[in-house]
Amino acid sequence: MFGGGLSPGSSEKPGRLVLAGRVALYHRNTCPGGFVSSTHSVSPASLRVLICDDLSPKALEIFGEYGIFPEICLGLDEDALVAKVHDVDAIIVRSATRITRRVIESAPKLTVVGRAGVGVDNVDCAAATEAGVVVMNTPTGNTTTTAELAIALMVSMARHIPRADREVRSGVWNKKSLTGVQLTGKTLGVIGLGRIGRVVAARGVGLGMNVLAFDPYLAAAECSPVEGVELSALDHLLAVSDFVSLHVPLIDSTRGLISRERIASMKPGARLINAARGGLVDEAAVAEALDSGQLAGAAFDVLSEEPPPADHPLLGRDDVVMTPHIGASSTEAQVQVALDIAHQIARFLLEGRADNAINAPAVSASDLAFLGPYINLAERMGSYLAQRLTGPIRKLEVTYLGELEARDTRVVSLALLAGALAHGRDGGVNFVNAPALAEERGLRLLEGRESDAGAFQNQIKVRASTKGGVESHLVAGTVFGSRPRFVRIDELHLDFPPEGHILVTEHDDVPGVVGHLGTLLGECGVNIRRIELGKTSTAAGESKAGAVGFLAIDADPGPEILERVRALKFIRKLGLLRLGEAAPVSGNRS
Ligand code: NAD
């Protein structure tokens, strides 16, 4: 019934997180209840944001609107940064400044590193994840600009514009050798129909081209997301396209995507454009294909080695157009990424919302609206179980029932983990680092799914066990409206709001328990809001039947009153749990 759990790779810092398309609601000091209402009141002016690279001044205007006043420190090397970041909440970079492990470890208050742009090669993401620092980028600010460069490269290639320009400047007026090809009516194959690929595809349609697109993640889609664009298998696209433009990320599965074999399978005389990432194309094979006529041209904004070595096989060729990785280099894009990162960082610091977090799982906005209350519930379940078990939890078995069965519940599981791990720590657990912290503590999370949620539309059931299963407890919960409820604790079916202070009693199942408890707590000025009682199974050697009680009380009664309750003759065990308290206003990672 249970499958694999969350893969490790994150680490610690509490808070709240949400991810959509890449949105994440995150608060650094996750503590019970911290996930849903983002009410923690940070004074914006007290936040320290460091801008380390040249960023459009428009970003400062945006920060000003949020009441945040960043400090600009350009050109800091690692030592200077280390000296600077001890009380910094956020760092913003472009591509120049390197945020190393040492920098991150020197910044105990740091919760977020923002990259104005896409690539985060200059940020030690593993170190950030371990430290529970969210790393976010601005993936959409460059989209149009980069797509326009791909189109520009295609036109340049089709009409030999770079060579024509060079020749005219050098006094050569040779129209004949500059006969190009028309785009209208030609087939453009777009590989990777993400943000940039879609704009390129739409522009291709606008130019009167037949546009095919391949994207394995859209393979099952019935229709293309771009009007006038036909989804195609990769082999077919390569076989029929006059122009092939790459718009995929460089990941293991795309490294060397345009291999010697694939180039050989392209339509003879085709032209190739790479404005995505170096490493996608076998550049030596392209040179050979140009020599043989298999390819008529190629255009590269990105290369496997940048800048290319002097003996790069594509340098100095008239049938190749090259630009020095300028896909994102337009005034508009630079302003846009600055605006995006300013909004993102401000919203993160003030509301706990992390757009475009790259080291946390993504949840679509619609899923998030549905899952929000369950995220809150799961965190409380984790916190409850961690407090209820007397030893460290080694296994959490979570089952998602009802409609939750078909949902992407990764973020809910993260909340469960974060809730369980936060107990006994002074902050420092969040959605980013919870899986890594769980691994470090030997806590396994197993997930299961069932369609039948019984009397409820949806239910989350969690069993937590200590090492070797010596001790284990179960809790099941659901959401009424948007409020979390525990509906089962071990064998006791109940309806209990998991919030505030809860006294858990294990006691003899004898008459008068509630009366005595109520009287004592009443005498001590402790108000009981709700009581749930149930029998427990009688253990071997026990003469009397046992029972368990959950008493929601208004406040922490303090150690003396707890001692008096514990001294009641029918009490076998007593615990005080705290659930769903507001997250602290601030807190350091350490
Ligand atoms: P994106 O994530 O929105 O889109 C990438 C698409 O590629 C996704 O739809 C994904 O499903 C698809 N994909 C993944 N593996 C694939 C495969 N094997 N075959 C086909 N499709 C596959 O990314 P984006 O913002 O559109 O960026 C695309 C590329 O452009 C990235 O490599 C990015 O780094 C690069 N980029 C370059 C510049 C530049 O300066 N030249 C600027 C910005 C982005």
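Residues numbered from 1 in each chain as written. Predicted model: local features only at pLDDT ≥ 70, side-chain atom pairs only at ≥ 80, totals over all residues. Heavy atoms only, no water.

Caption draft 1: Quick look at the overall build of the protein chain. Regarding its fold elements, the protein chain presents 16 helices and 25 strands. For the protein chain, with 590 residues in total, the buried portion stands at 54%. Excluding contacts between residues fewer than 6 apart, the proportion of contacts in the protein chain whose partners are at least 24 apart in sequence is 68%. When the accessible surface of the protein chain is totalled, it reaches about 25,200 Å², and 52% of it is carbon and sulfur. (Helix = DSSP H or I, 4+ residues; strand = E, 2+ residues; numbered from the N terminus. Buried < 20%, exposed > 50% of the residue type's maximum accessible area, 1.4 Å probe, protein only. Contact = heavy atoms within 4.5 Å. Areas by Shrake-Rupley, 256 points an atom, 1.4 Å probe, with all protein chains shown as cover.)

Caption draft 2: Summary view of the sheet that holds strand E3 (residues 49-51). If you trace the five strands from one edge of the open sheet to the other, you get E4-E3-E5-E6-E7, paired in parallel fashion. Each edge of the sheet is formed by a strand with only one pairing partner; in this case those strands are strand E4 (71-72) and strand E7 (134-136). Relative to strand E5 (residues 90-93), E3 runs parallel, the two sharing three bridges. Note on E5: the bridge partner recorded for Leu50 is Ile91. Running over the sheet, helix H11 (residues 331-351) touches E3, E5, strand E6 (112-115) and E7 and is turned about 165 degrees from E6. (Pairing = 2+ DSSP bridges. Axes fitted to C-alpha atoms, helices over the stretch in contact; angles between N-to-C directions.)

Caption draft 3: Local environment of the packing of aromatic side chains. Within this structure, the stated rule accounts for four aromatic pairs. Geometrically, the ring pair formed by Tyr384 and Phe486 is edge-to-face, given 5.5 Å between the ring centres and 70 degrees between the ring planes. Residue Tyr384 is located in helix H12 (residues 365-388), and its partner Phe486 is located in strand E20 (residues 483-489); the two are separated by 102 residues in the primary sequence. Each member of the pair, Tyr384 together with Phe486, is buried. Between the NZ or CZ atom of Arg407 and the centre of the ring of Phe370, over which it lies, the distance is 3.9 Å. (Phe/Tyr/Trp six-rings, centres within 6.5 Å; stacked < 30°, edge-to-face > 60°. Lys NZ or Arg CZ within 6 Å of the ring centre and 35° of its normal.)

Caption draft 4: The confidence of the model for the protein chain, seen in detail. In this model, the protein chain carries a mean pLDDT of 87, and residues with pLDDT of at least 70 account for 88%. Overall, residues 1-40 carries pLDDT values under 50, and its contacts beyond four positions in sequence, including any with other chains, amount to 226 contacts. Between residues 582-590, whose pLDDT stays under 50, and residues either more than four places distant or in other chains, the model counts 31 contacts. (pLDDT = per-residue confidence, 0-100.)

Caption draft 5: Spatial organisation of a nonpolar patch on the surface. Together, Leu60, Ile72 and Leu74 give the surface a local cluster of nonpolar side chains, amounting to about 250 Å² of exposed area. For Leu60, the position within the fold is in helix H1 (residues 58-66). Under the relative-accessibility criterion, Leu60 is labelled partly exposed at 32%. (Patch = residues over 30% accessible without salt bridge, like charges linked within 9 Å, V, L, I, M, F, W, Y side chains within 5 Å. Salt bridge = Lys/Arg side-chain N within 4 Å of Asp/Glu carboxyl O.)

Caption draft 6: Region of the structure containing the nonpolar core. Core analysis: the biggest nonpolar cluster contains 50 residues, and Leu396, Ile460 and Phe550 have the highest contact counts within it. Excluding residues within four positions of it along the chain, Leu396 makes contact with Leu385, Leu416, Leu417, Ala420, Leu443, Arg444, Leu445, Leu446, Val462, Arg463 and Ala464. Within the second largest apolar cluster, 29 residues are counted, among which are Ile62, Ile92, Ala346 and Leu349. (Core = buried A, V, L, I, M, F, W, Y, C linked by side-chain atoms within 4.5 Å.)

Caption draft 7: Region of the structure containing the sheet that holds strand E25 (residues 571-579). The antiparallel open sheet is built from four strands, whose spatial order is E23-E24-E22-E25. Of all the strands in the sheet, just strand E23 (528-536) and E25 have a single pairing partner and so form its edges. Between one strand axis and the next, the sheet turns through 15 degrees on average, direction left out of account. Pairing between strand E22 (residues 500-508) and E25: eight bridges, direction antiparallel. Following the sheet pairing, His507 is matched in E25 by Ile571. Packing of helix H16 (residues 559-566) onto the sheet brings it into contact with E22 and E25, and relative to E25 it is tilted by some 145 degrees.

Caption draft 8: Representation of the site of the ligand. Surveying the vicinity of the ligand reveals 23 residues, the closest of which are Arg195, Ile196, Asp215, Val248 and Asp301. In this structure, His325 approaches the ligand through a side-chain N or O atom, which is 3.3 Å from an oxygen atom. Here the ligand, which alone exposes 860 Å², has 87% of that area covered by the protein. Looking at the shell around the ligand, its residues break down into twelve nonpolar, seven polar and four charged. (Near = heavy atom within 4 Å. Polar contact = N/O pair within 3.5 Å; in protein donor to acceptor, adjacent residues only side chain to side chain. Nonpolar A, V, L, I, M, F, W, Y, C, P; charged D, E, K, R; others polar.)

Caption draft 9: Seen up close, the packing of helix H5 (residues 143-158) against helix H7 (residues 195-206). Where H5 contacts H7, the axes come no closer than 8 Å and their chain directions differ by 50 degrees. It follows that H5 is oblique to H7 by the angle criterion. For H5 against H7, the interelement crossing comes out right-handed. Judged by residue contacts, Thr143, Thr144, Thr146, Ala147, Glu148, Ala150 and Ile151 of H5 engage Arg195, Ile196, Val199, Val200, Arg203 and Gly204 from H7. By residue class, the composition of the contact of H5 with H7 is six nonpolar, four polar and three charged. (Parallel < 35°, antiparallel > 145°, perpendicular 65-115°, else oblique. Left-handed = near helix turned anticlockwise from the far one by under 90°.)

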